[in-house]
Amino acid sequence: MSSRDLAAWAGQLTLDDLPGHVRHATTRHLLDGIGNAVAARRLGHGRAGWSVAAAFGGPPEARPLTGGHAFSAPAAGMATAVLVHALDFDDTHAGALVHATAVALPAAFAVGQQVGATGVQILTATTVGLETACRLGLASPHGFHSRGLHATGVVGPLAAALVTGTLSGLTTDQSVDALGIAGSAAGGLLEFLDTDADTKALHPGTATLNGILAARLAAAGATGPSSVLEGRRGLYAALSARDADIAVVTAGLGSRWESAAIGIKPYPSCQLMHVTLDAVSAALDGQRVDPARITDIEVHVHPDSLPIVCGPNAGVAAPRSTYDGKFDLPWSVAALLHDGAVDIATYTPASIARDEVLATAAKVRVVVAATGGPAAAAPGHAVLTLDDSRVLDGRVAGSRGTVALPLDDAELRAKFLANCADHPAAGELADRVSALADEPDLSAILDLAATVATPN
């Protein structure tokens, strides 16, 4: 029974069980997630999630990340999760195609405050959440997306439930029930891709909320199916369009760490276009080329990426919203050629309305390139043809930031500081997060995050 094995492992995990590289990976993802939440809060994103969370009221159990007032733990977890994912700048596991930190961090921080957890306990519980989310997604690579579902929205409630159970001291039986209950909240439609909606940014929020509630319901005596994963009406049978290898969920638990194989994004856009952006940069090789001189832009794209980042509107019309731009590969390639970078400023209302960028996006020609392995780990290839017949050819083995080509600690810190707008307190916040195991609780980190998120 996969859910029982997973619950038993999570319930007995301690910090001493985590190899050094796994501890380091978890602190890196916490740092990245906090930086993304701070940037979102600074820029006014995630307001709907925050407003609704505040309106829930309830006992003052936990402060949302970047906030000064406590909400109930489920509400605080929801508000934090929406912020972490709001800019689509948060980490991604290539094989599972899930945003693990967007559900693990919010649940660990909210419930951790509720129960008075130490930094050690929060670090351990976050690792449980990361590992769970990645393994659940990895059992059926791109299977949920192929069904029209956001994998993070599917596996997120279960990961958040297990994080909550770990911090709340649930028994193995109760955690099994929590996983079973959370499975009924799994979902997250990808229909936003055909509209101007930013629904996807809400998925980690509702997943975290439902995961915490599932664990609370289990603690109160509610039961859930222990066959939530492998059952004939279970998670994969109902929600995945591809065959699932259930054994992957628990194989090598405690010795093989998927939480150490999560990539950190260098661009605030869908992971599936990153390798193309890198290939275009490789073709340019440091030189700036006037986009008007480019007559053709050929990009090779994995077939699983096509419906996500090369939809009917991509390259044909301006992005319908700033969020839509993050899933428009032709437009994002064009923005890179015009600006020399793709960053938070790329996806603003003024930026996506630029006629000259849309004109360049119309030159992007997509070639389907089937390769072995998952789309988020595929190689990239871009060919730029200039008006003097010169051809600039760029190839990359994978996208920067993935486990094969990771951002080092200095690059991650630079991303974090940029997300914090180089606030004077950002360095201290980064140092405390990186040494989370030494913190008696989250108070200092939460105070600093709230300070840094406030404009100077």
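Bear in mind that the values here come from a model prediction, so they are computed numbers and not experimental data. (Residues numbered from 1 in each chain as written. Predicted model: local features only at pLDDT ≥ 70, side-chain atom pairs only at ≥ 80, totals over all residues. Heavy atoms only, no water.)

All right, on to the overall build of the chain then. Across its full length, the chain carries 21 helices and four strands. Its C-alpha atoms give the chain a radius of gyration of 21 Å, within 12% of the compact-globule value 23 Å for 456 residues. The dimensions of the chain, computed from C-alpha atoms along their principal axes, are 70 × 50 × 40 Å. Counting across all 456 residues of the chain, residues that qualify as buried make up 59%. Contacts in the chain between residues far apart in sequence, at least 24 positions, make up 77% of those at least 6 positions apart. Put simply, the chain has 29 plus and 44 minus side-chain charges, and the middle of one group is 2 Å from the middle of the other. (Helix = DSSP H or I, 4+ residues; strand = E, 2+ residues; numbered from the N terminus. Rg over C-alpha atoms; globule rule 2.2 N^0.38 Å. Buried < 20%, exposed > 50% of the residue type's maximum accessible area, 1.4 Å probe, protein only. Contact = heavy atoms within 4.5 Å. Lys, Arg positive; Asp, Glu negative; His and termini not counted. Charge placed at Lys NZ, Arg CZ, Asp CG, Glu CD.)

What follows is about the packing of aromatic side chains. Applying the stated criterion across every chain, the model contains seven aromatic pairs. Ring plane angle 25 degrees and centroid distance 5.6 Å describe the contact between Phe144 and Tyr236, whose orientation is recorded as stacked. You can see Phe144 sitting in helix α7 (residues 143–146) and its partner Tyr236 sitting in helix α11 (residues 235–239), a full 92 residues away along the chain. For Phe144, a relative accessible area of 1% corresponds to the buried category. Plain terms: the ring middles of Phe192 and Tyr323 are 6.3 Å apart, the flat faces sit at 65 degrees to each other, and that makes the pair edge-to-face. Residue Phe192 is found in the loop between α9 (172–183) and α10 (203–219), and its partner Tyr323 is found in helix α15 (residues 322–325); the two are separated by 131 residues along the sequence. Accessibility classification places Phe192 together with Tyr323 in one group, the buried group. In textbook terms, an aromatic cluster arises when at least three aromatic residues are bridged by ring pairs, as seen for Phe192, Tyr323 and Phe327. In this structure, Arg41 packs its charged tip against the face of Trp50, placed 3.7 Å from the ring centre. (Phe/Tyr/Trp six-rings, centres within 6.5 Å; stacked < 30°, edge-to-face > 60°. Lys NZ or Arg CZ within 6 Å of the ring centre and 35° of its normal.)

Moving on to unusual backbone geometry. The backbone of Asp88 sits at a positive phi, close to 55 degrees, despite the residue not being glycine. The topology assignment puts Asp88 in the loop between α4 (73–85) and α5 (101–115). Notably, Ala421 is not glycine yet its phi reads approximately 55 degrees, a positive angle. Secondary-structure assignment places Ala421 in the loop between α19 (409–419) and α20 (426–434).

Right, let's talk about the nonpolar core for a bit. Among the nonpolar cores identified, the biggest contains 105 residues, and Ile34, Phe109, Phe144, Leu235, Tyr236 and Leu429 are the most heavily contacted of them. In terms of residue count, helix α8 (residues 151–168) provides more of this core than any other element does, 10 residues in total. The contact partners of Leu235, leaving out residues within four places of it in the chain, are Phe144, Val154, Leu158, Gly183, Ala186, Val228, Leu229 and Ser240. (Core = buried A, V, L, I, M, F, W, Y, C linked by side-chain atoms within 4.5 Å.)

Within the structure shown, the criterion is met by 22 salt bridges. Here Asp387 ties to Arg293 by a salt bridge, and the two come within 3.1 Å at their closest N and O atoms. Of the two residues, Asp387 is situated in the loop between β3 (380–386) and β4 (391–396) and Arg293 in the loop between α13 (274–284) and β1 (294–301); the sequence distance between them amounts to 94 residues. Linking Asp431 and Arg413 is a salt bridge whose minimum nitrogen-to-oxygen distance equals 3.1 Å. Taken together, the positions of Asp431 in helix α20 and Arg413 in helix α19 put the pair 18 residues apart, joining distant regions of the chain. (Salt bridge = Lys/Arg side-chain N within 4 Å of Asp/Glu carboxyl O.)

Among the residues making up α19, those that are buried are Leu412, Lys415, Phe416 and Asn419. Axial view of α19: buried residues confined to an arc of 100 degrees, hence all on one face. Looking at the buried side of α19, the elements it contacts are α2 (20–42) and α20. (Arc of directions from axis to C-beta.)

Mapped onto the present numbering, the UniProt feature "domain: MmgE/PrpD C-terminal" (unreviewed entry) falls at residues 267–425. Secondary structure across residues 267–425 comprises 33% helix and 16% strand; the distance between its end C-alpha atoms is 24 Å. (UniProt positions renumbered as here; feature names shortened; annotations may be inferred.)

With that settled, consider the side chain of Thr66. By the element assignment, Thr66 lies in the loop between α3 (47–56) and α4. On the basis of relative accessible area, Thr66 is assigned to the buried category, the value being 6%. Sequence-distant contacts of Thr66, that is, excluding residues within four places in its chain, are made with Ala37, Val38, Arg41, Trp50, Leu83, Ala449, Ala450 and Ala453.

Bringing α2 into the picture now. Helix length check: α2 (23 residues) gives 33 Å between terminal C-alpha atoms against 33 Å at 1.5 Å per residue, within 8%. Counted residue by residue, α2 has 17 buried out of 23 residues, so it is predominantly covered. (Expected span 1.5 Å × (residues − 1).)

One can describe the packing of α9 onto α10 by two numbers: an axis separation of 8 Å at closest approach and a directional angle of 135 degrees. In terms of axis orientation, α9 runs oblique to α10. In this structure, α9 meets α10 at a crossing whose hand is right-handed. Contacts between α9 and α10 pair Gln174, Asp177, Ala178, Ile181 and Ala182 from the former with Ala214, Ala215, Leu217, Ala218 and Ala219 from the latter. Class assignment for the residues of the contact of α9 with α10 results in eight nonpolar, one polar and one charged. (Axes fitted to C-alpha atoms, helices over the stretch in contact; angles between N-to-C directions. Parallel < 35°, antiparallel > 145°, perpendicular 65-115°, else oblique. Left-handed = near helix turned anticlockwise from the far one by under 90°. Nonpolar A, V, L, I, M, F, W, Y, C, P; charged D, E, K, R; others polar.)

Below, the discussion takes up the sheet that holds β4. With respect to topology, four strands assemble into an open sheet ordered β2-β1-β3-β4, the strand pairing being mixed. In this open sheet, the two strands that pair with only one neighbour each are β2 (364–368) and β4. Neighbouring strand axes in the sheet, compared pairwise and without regard to direction, differ in orientation by 15 degrees on average. In this sheet, β3 lies alongside β1 in antiparallel orientation, the contact comprising six bridges. Residue pairing in the sheet places Ile297 in a bridge with Leu384 of β3. Each of β1, β3 and β4 is contacted by α13, which is oriented at about 135 degrees to β4, the strand it contacts most. (Pairing = 2+ DSSP bridges.)

The next thing to look at is the environment of Ser434. Counting through the fold element by element, Ser434 comes out in helix α20. On the basis of relative accessibility, which here comes to 42%, the residue Ser434 falls in the partly exposed class. A C-alpha to C-alpha distance of 9.8 Å links Ser434 and Arg23, two positions 411 residues apart in sequence.

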